[in-house]
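Structure assessment
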Amino acid sequence: MGKVLSNPPSARYGGSVELHDPLTFPQYLAWKDAVDTAEPHRGEGGNYTLYCQALLPGICACVEKWELTDKQSGASLGALTPATFPATPRISSDKLLAWLVGGIGSLVSEADETDPK
């Protein structure tokens with residue numbers, strides 16, 4: 001079983017996702033490539049929308065199971081892809097994206113931690 005992320009901090013989107021755990025090399029490399037591609041668009045002077053879009057292939061590669069819903073309609077968002085990931089409403093989409101990035105980042109850094117013994 002993978003790592004489950006529940007209850008995204010979004011007014012519009014709810015539910016959970018299950019991340020692959022552990023990530024395989026192809027999944028990890030897709031994540032790393034997405035982060036590297038997004039980096040030039042990050043921060044002051046960057047294009048935040050392009051930054052978000054660049055992260056999506058890496059995020060989608062790391063998700064094993066999507067169980068997200070639209071809280072307003074109750075409809076399932078289905079298995080999201082970079083082409084179907086919701087871009088609006090912007091605040092809710094940004095919170096959903098940040099939640100996923102944080103969860104994957106945590107999974108990756110947990111795997112990189114050294115044994116304190």
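Attention in this report is confined to the structure presented alongside it. Note that this is a predicted model, so its numbers are computed, not measured. (Residues numbered from 1 in each chain as written. Predicted model: local features only at pLDDT ≥ 70, side-chain atom pairs only at ≥ 80, totals over all residues. Heavy atoms only, no water.)

**Remarks on the pairing of strand β1 (residues 3-6)**
Look at any regular strand and the pattern is simple: side chains alternate between the two faces of the sheet. Side-chain alternation along β1 places Lys3 and Leu5 on a buried face and Val4 and Ser6 on a face that remains uncovered. Where β1 and strand β2 (residues 13-19) come together, 4 bridges link them in antiparallel fashion. For leucine 5, the partnering residue across the bridge sits in β2 and is valine 17. Linking β1 back to β2 in an antiparallel pair, the connection comprises 6 residues, with asparagine 7 at a positive phi of about 55°. (Buried < 20%, exposed > 50% of the residue type's maximum accessible area, 1.4 Å probe, protein only. Helix = DSSP H or I, 4+ residues; strand = E, 2+ residues; numbered from the N terminus. Pairing = 2+ DSSP bridges.)

**Quick notes on the sheet that holds strand β3 (residues 63-70)**
One open sheet accounts for 3 strands, arranged β1-β2-β3; its pairing is antiparallel. The sheet is open, and its two edges are formed by β1 and β3, each paired on a single side. Sheet twist, expressed as the mean angle between neighbouring strand axes with direction ignored, is 5°. This element, helix α2 (residues 48-62), spans β2 and β3 of the sheet and lies at about 110° to β3. (Axes fitted to C-alpha atoms, helices over the stretch in contact; angles between N-to-C directions. Contact = heavy atoms within 4.5 Å.)

**Remarks on the nonpolar core**
Ranked by size, the top nonpolar core spans 27 residues in total, and within it Val17, Ile59, Trp66, Phe85 and Leu100 carry the most contacts. Elements with a contribution of two residues or more to this core: β2, α1 (25-38), α2, β3 and α3 (90-112). Ranked by residue count, the leading element in this core is α2, at 8 residues. Setting aside anything within four residues of it in sequence, one finds isoleucine 59 in contact with Trp31, Trp66, Leu97, Leu100, Val101 and Ile104. (Core = buried A, V, L, I, M, F, W, Y, C linked by side-chain atoms within 4.5 Å.)

**Points about the pattern of salt bridges**
Tallied over the full model, the rule gives 6 salt bridges. The salt bridge involving aspartate 36 is made with lysine 32; its shortest N-O contact spans 3.5 Å. With aspartate 36 and lysine 32 both in helix α1, this residue pair falls 4 residues apart, about one helical turn. With a closest N to O distance of 3.1 Å, glutamate 67 and lysine 65 form a salt bridge. (Salt bridge = Lys/Arg side-chain N within 4 Å of Asp/Glu carboxyl O.)

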